[in-house]
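# A structural walkthrough
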Amino acid sequence: MLGQYISPGGIMLQEVCRDWEECIDRGARPLLEHGIVLPSYPAAVKRNHREMGAYMVIAPGIMLSHARPEDGAEAVGLTILTLREPVAFGSAHNDPVRLVITLATPDAKSHVAMLEDLSGFLMTEGMAQRLMEAQTEEGAQALFEEYQEGVS
């Protein structure tokens with residue numbers, strides 16, 4: 001289930017960030033606090049965004065924040081950050097962002113099941129929007145459970 005991949009403290013709802021860099025830092029914070037990533041990891045995400053543009057803004061309002069395993073990912077981890085006020089990341093088609101999902105994986109294989117669950121959740125009609133509107137961690141977890149029940 002998707003919820004099992006979320007790092008402790010990794011559901012942050014209706015947060016306020018002043019810019020895209022703060023979104024990346026806020027999304028990575030629980031991963032840093034639990035040793036899932038090193039400080040070099042969010043720095044690499046920001047560097048990639050500056051150098052390659054907003055390719056991580058994968059759908060309208062959704063950013064998948066990630067870097068390569070060798071950029072400081074020590075374990076598999078996932079955080080969910082929703083924004084009270086949307087933030088521009090520079091994507092012509094998918095800005096502004098209201099949902100930042102931060103993903104870490106130490107290798108090319110250990111995150112595959114997590115990505116399958118995440119993509120299934122995001123592609124289920126209405127789930128991403130409902131997650132963006134969630135007000136409590138319990139409400140977000142209930143959405144993950146509802147999705148899981150629908151695919152079981």
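Residues numbered from 1 in each chain as written. Predicted model: local features only at pLDDT ≥ 70, side-chain atom pairs only at ≥ 80, totals over all residues. Heavy atoms only, no water.

An unreviewed UniProt entry annotates the protein chain as PTS EIIA type-2 domain-containing protein of Selenomonas noxia F0398. Its UniProt record gives the protein chain a comment under Subcellular location (unreviewed entry), which states: "Cytoplasm". (UniProt positions renumbered as here; feature names shortened; annotations may be inferred.)

### Observations regarding helix H5 (residues 137-151)
With 15 residues, H5 extends 22 Å from end C-alpha to end C-alpha; this agrees with the ideal 21 Å at 1.5 Å per step. If you check which residues of H5 are buried, you get Ala 140, Leu 143, Phe 144 and Tyr 147. Relative to the axis of H5, the buried residues are bounded by an arc of 95° and lie together on one face. When the buried face of H5 is taken as reference, the exposed residues oriented beyond 90 degrees from it are Glu 138 and Glu 149. (Helix = DSSP H or I, 4+ residues; strand = E, 2+ residues; numbered from the N terminus. Expected span 1.5 Å × (residues − 1). Buried < 20%, exposed > 50% of the residue type's maximum accessible area, 1.4 Å probe, protein only. Arc of directions from axis to C-beta.)

### Digging into the UniProt feature "domain: PTS EIIA type-2" (unreviewed entry) in the protein chain
Here, UniProt's "domain: PTS EIIA type-2" (unreviewed entry) annotation points to residues 4-147. Taken end to end, residues 4-147 comprises 40% helix and 25% strand; its first and last C-alpha atoms sit 13 Å apart.

### Considerations on the nonpolar core
With 25 residues, the main nonpolar core has Leu 78, Leu 99, Ile 101, Phe 121, Leu 122, Leu 131 and Phe 144 as its most contacted residues. Residue assignment for this core shows that the elements contributing at least two residues are strand S1 (6-15), strand S3 (62-65), strand S4 (77-87), strand S5 (97-104), helix H3 (112-123), helix H4 (127-133) and H5. For Phe 121, the contacting residues outside a window of four places in its chain are Leu 2, Met 127, Leu 131, Leu 143, Phe 144 and Tyr 147. Grouped together as the second largest cluster of nonpolar side chains are 24 residues, Cys 17, Leu 31, Val 97 and Ala 104 included. (Core = buried A, V, L, I, M, F, W, Y, C linked by side-chain atoms within 4.5 Å. Contact = heavy atoms within 4.5 Å.)

### What about the pairing of S3?
Burial along S3 is two-sided: Ile 62 and Leu 64 facing one way and Met 63 and Ser 65 facing the other are all buried. The sheet contact formed by strand S2 (residues 57-59) and S3 spans two bridges and is antiparallel. Bridge pairing in S3 links Ala 59 to Ile 62. From the end of S2 to the start of S3, which pair antiparallel, there are two residues, and Gly 61 there has a positive phi angle of about 80°. (Pairing = 2+ DSSP bridges.)

### As for the packing of H3 against H5
Where H3 meets H5, the closest approach of the two axes is 10 Å, and the angle between their N-to-C directions is 95°. It follows that H3 is roughly perpendicular to H5 by the angle criterion. From H3, Asp 117, Gly 120 and Phe 121 reach across to H5, where they touch Leu 143, Phe 144 and Tyr 147. (Axes fitted to C-alpha atoms, helices over the stretch in contact; angles between N-to-C directions. Parallel < 35°, antiparallel > 145°, perpendicular 65-115°, else oblique.)

### A word on the pattern of salt bridges
Applying the stated criterion across every chain, the model contains eight salt bridges. Note that Glu 21 is salt-bridged to Arg 50, the shortest N-O span being 2.9 Å. Here the residue Glu 21 occupies a position in helix H1 (residues 20-33), and Arg 50 occupies one in helix H2 (residues 40-52), the gap between them amounting to 29 residues. On the basis of relative accessible area, Glu 21 is assigned to the partly exposed category, the value being 28%. Note on Arg 50: relative accessible area 52%, which makes it exposed. Salt-bridge contacts for Glu 146 lead to Arg 130; the nearest nitrogen and oxygen are separated by 2.8 Å. Residue Glu 146 is located in helix H5, and its partner Arg 130 is located in helix H4; the two are separated by 16 residues in the primary sequence. (Salt bridge = Lys/Arg side-chain N within 4 Å of Asp/Glu carboxyl O.)

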